[in-house]
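Residue-level listing of the chains:
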Amino acid sequence: MTQASPARTGTGGFWSSSRARYLMPIAFVTYSLAYLDKSNYAIASAGGMAGELGLSAGMDSLIAASFFLGYFFFQIPGTIYAEQRSVRRMVAGSTIAWGLLATAQGLLSSPGQLIAVRFALGVVEGAVLPSLVLLLSRWFTKGERSRANTLLILGNPITVMWLSVLSGWIIEVSDWRAMFVVEGLPSVVWGLLCLKLIKDRPDEARWMSAHDREELRAALADEQRAAAEAPGSAVTAADVRTGGADAHATSADAPRASAADYKKVLRSRPVAVLAAQYFFWSFGMYGFIFWLPSIVKKGSGEGIGATGLISAIPYAFAAVAMLLNSRMSDRTGRRRAAVWPWLGTGALALFGSYLAGPHFALALTLLTVAGLCMYAPYGPYFAFVSELAPAGVAGAAVAAVNSFGALGSFAGTYLVGWVRGTTLGDAGAFGFMAVCTLVSAALMFGVREPRALPTATGTVSGRPHTPSGEAGKTVPAGGTAPAGEAASGGGRD
């Protein structure tokens, strides 16, 4: 069986597609606001909150980290709701709720109140990222998915860039309480708009032509059939009653999965290994994110405004690295090779910052390298996770992995802050993060990439996505490539 025709929904690059132009700004703004409202705590702490409320280093770390405990508990049930019922309602409701809770942080005056509110903030935000990854998997083919996920998660470093500057400025002209209120209210307004803007499936999009919808449906159906039968998939179509191997079943219209189907996914070895891997990655990442402003302020001796500007430097480079890495991953089809080298390099850079000690300029340079290396793999990584299971249960795989990332984020935020308060100081904290990041790089070798050649990946540019060296090859019935002809680069990295 020869490779089927791709979905031809445009004639240019990624942005020539109406899907990209419509969906990506919505996804980007949504995740940016989520990231703003969970990450501005670090700026508030460095900007006077810790001193005003008399927070010890341990209590400050616990308050910051309590968000991630709440984030852990709602990941899987929230994402299953989005997968089985409505991504639109899940994302819109969560956005409104977290905006109100983020605003409330500026009205509180005790550590206990802050812990409770930040825990609740984590609960309502927990399913947003996996739900948005799920949403994009319904609208973009495998040859587009890494870039789509990267543009979504790009809201992370870009938000931190302007968050650092804006939050520092608000605190300088007012105080940390005003910062929480000013930065929380926009999420409430945006959540109301999401009810109108987000569509759960291509069939609901009036701005998309019937011809484009049908081509996208066909391309996704062929991909799902191939992916479900591929060696290396977390769960195959034979295991899950979601229609994953049906030529007409897509992530948009697959029958609802049962509780047993979800259990197979959540207990599968690839999902378990990636959950552990993301735990260690998130440990290093969020230790870096939450305590960078305080470390920069201490090392540079600057005020909170200049600290915000300096703290934004690593994220500017990270945004560029994310775009380049995701583009390369989509072109080659290789996911694992777009993750572990970056994380390994990031670990070495973190360890270098440990050795740099009091030499702030050198330490900042190494932290910039570490930051861009830890951010660059996000798009290919979540494309990899979402491609391990058939439609109808893939969201649960993403949620499971992301939930353990939340535990790693809790551990990183709390323990890095705690280590900073000991005699080991900042150097010990970054040494700790380096070890965890190195472990996350090594664990990527515990999961192989599915070795199927999708029968129709398609691109928004209208050209077939064919990995280098695979042009003109055929695929046997069932959609799996012959042994040794790994389409996604699986087994070759």
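These figures come from a predicted structure and were not determined experimentally.

Analysis parameters
Residues numbered from 1 in each chain as written. Predicted model: local features only at pLDDT ≥ 70, side-chain atom pairs only at ≥ 80, totals over all residues. Heavy atoms only, no water. Helix = DSSP H or I, 4+ residues; strand = E, 2+ residues; numbered from the N terminus. Areas by Shrake-Rupley, 256 points an atom, 1.4 Å probe, with all protein chains shown as cover. Contact = heavy atoms within 4.5 Å. Buried < 20%, exposed > 50% of the residue type's maximum accessible area, 1.4 Å probe, protein only. Lys, Arg positive; Asp, Glu negative; His and termini not counted. Salt bridge = Lys/Arg side-chain N within 4 Å of Asp/Glu carboxyl O. Polar contact = N/O pair within 3.5 Å; in protein donor to acceptor, adjacent residues only side chain to side chain. Core = buried A, V, L, I, M, F, W, Y, C linked by side-chain atoms within 4.5 Å. Phe/Tyr/Trp six-rings, centres within 6.5 Å; stacked < 30°, edge-to-face > 60°. Expected span 1.5 Å × (residues − 1). Arc of directions from axis to C-beta. pLDDT = per-residue confidence, 0-100. Axes fitted to C-alpha atoms, helices over the stretch in contact; angles between N-to-C directions. Parallel < 35°, antiparallel > 145°, perpendicular 65-115°, else oblique. Left-handed = near helix turned anticlockwise from the far one by under 90°. Nonpolar A, V, L, I, M, F, W, Y, C, P; charged D, E, K, R; others polar. Patch = residues over 30% accessible without salt bridge, like charges linked within 9 Å, V, L, I, M, F, W, Y side chains within 5 Å.

Now for the overall build of the protein. Scanning the protein for helices and strands turns up 18 helices and 0 strands. On the protein, roughly 16900 Å² of surface is accessible, and the fraction owed to carbon and sulfur atoms is 66%.

Note that G446 resides in the segment after helix 18 (425–443). With 169 residues separating them along the chain, G446 and Q277 place their C-alpha atoms 9.2 Å apart. Ignoring anything within four residues of it in the chain, the contact list for G446 reads R269 and V273.

With that settled, consider the side chain of D37. Position of D37 relative to the elements: it lies in helix 1 (residues 18–53). R118 is the oppositely charged side chain nearest to the buried, salt-bridge-free D37, at an N-O distance of 8.6 Å. At a separation of 2.7 Å, a polar atom in the side chain of D37 contacts the side chain of S187. The contact partners of D37, leaving out residues within four places of it in the chain, are W98, G99, A102, Q105, R118, L121, E183, G184 and S187.

A few words on the nonpolar core. Formed by 107 residues in total, the largest nonpolar core has its most connected members in L152, F288, Y375 and Y381. The leading source of residues in this core is helix 11 (residues 269–300), at 13 residues. Beyond its immediate stretch of four places on either side in the chain, Y381 contacts L274, Q277, Y278, W281, V339, V401 and M444. The next biggest cluster of nonpolar side chains, apart from the first, holds 17 residues, and it includes Y41, M49, A64 and F180.

A full pass over the atoms with the stated rule returns 25 aromatic pairs. Between W139 and W207 the ring centres are 5.5 Å apart and the planes differ by 15°, which places this aromatic pair in the stacked class. Taken as a pair, W139 in helix 5 (residues 128–139) and W207 in the loop between helix 8 (176–197) and helix 9 (210–228) lie far apart in primary sequence, 68 residues in all. Among the residues examined, W139 registers a relative accessible area of 0% and is labelled buried. Seen in terms of ring centroids, Y381 and F382 are 5.5 Å apart; in terms of plane orientation they differ by 85°. Their pairing is edge-to-face. Site record: aromatic cluster; members linked through ring pairs are Y278, W281, Y315, Y375, Y378, Y381 and F382.

Moving on: helix 17 (residues 394–420). Spanning 27 residues, helix 17 covers 39 Å between terminal C-alpha atoms, matching the ideal 39 Å at 1.5 Å per step. Burial runs high along helix 17: 22 of the 27 residues are buried.

Let's shift gears to helix 10 (residues 259–266). Those residues of helix 10 not exposed but buried are D261, Y262 and V265. In a view along the axis of helix 10, the buried residues occupy a sector of 95°, so they form one face of it.

Moving on, we get to the confidence of the model for the protein. The predicted model of the protein has a mean per-residue pLDDT of 79, with 81% of residues at 70 or higher. Low pLDDT, under 50, characterises residues 1–11; the predicted model gives this stretch 41 contacts beyond four residues in sequence or across chains. In this model, residues 452–493 is a region of pLDDT below 50 whose contacts with residues beyond four sequence positions or in other chains number 128 contacts.

Running from N to C, helix 6 (residues 142–153) and helix 13 (residues 313–332) cross one another at 165°; their axes reach a closest spacing of 8 Å. Considering their axes alone, helix 6 and helix 13 lie roughly antiparallel with respect to each other. The handedness of the crossing between helix 6 and helix 13 is right-handed. Contact residues: K142, G143, E144, R145, S146, R147, T150, L151 and I153 in helix 6; M322, L323, S326, R327, S329 and D330 in helix 13. Here the residues of the contact of helix 6 with helix 13 sort into 4 nonpolar, 5 polar and 6 charged.

Before going further, it helps to examine the environment of A92. Summarising the element assignment, A92 is placed in helix 3 (residues 87–104). On a C-alpha basis, the gap between A92 and V188 in space is 9.0 Å, while along the polypeptide they are 96 residues apart. Dropping the residues within four chain positions of it, A92 is found in contact with G191, C194 and L195.

All right, on to the pattern of salt bridges then. On inspection of all chains with the given rule, the structure shows 10 salt bridges. In this structure, the salt-bridge partner of D330 is R147, at a minimum N-O distance of 2.8 Å. In this pair, D330 is assigned in helix 13 and R147 in helix 6, connecting sequence segments 183 residues apart. The residues D330 and R147 share a single accessibility class, namely buried. One salt bridge in this structure joins D330 and R335, with 3.0 Å as the shortest N-O distance. When its relative accessible area of 1% is taken as the criterion, D330 is described as buried. In this structure, a network of salt bridges that share partners links the residues K142, R145, R147, E223, D330, R335 and E387.

Let us look at the side chain of T30. Note on placement: T30 falls in helix 1. Sequence-distant contacts of T30, that is, excluding residues within four places in its chain, are made with V91, T95, W98, V128, L132, W190 and C194.

What follows deals with a nonpolar patch on the surface. Where nonpolar side chains cluster on the molecular surface, the patch consists of W162, L166, W169 and V173 and spans about 400 Å² of accessible area. Considering the arrangement of structural elements, one finds W169 in helix 7 (residues 155–173).

Turning to the packing of helix 6 against helix 16 (residues 378–386), a few remarks are in order. In contact at an axis separation of 7 Å, helix 6 and helix 16 are set at 125° when each is read in the N-to-C sense. Compared by their axis directions, helix 6 and helix 16 come out oblique. For helix 6 against helix 16, the interelement crossing comes out right-handed. In this structure, helix 6 uses R145, S146, N149, T150 and I153 to contact helix 16, whose residues at the interface are Y378, G379, P380, F382, A383 and S386. Here the residues of the contact of helix 6 with helix 16 are counted per class, giving 5 nonpolar, 5 polar and 1 charged.

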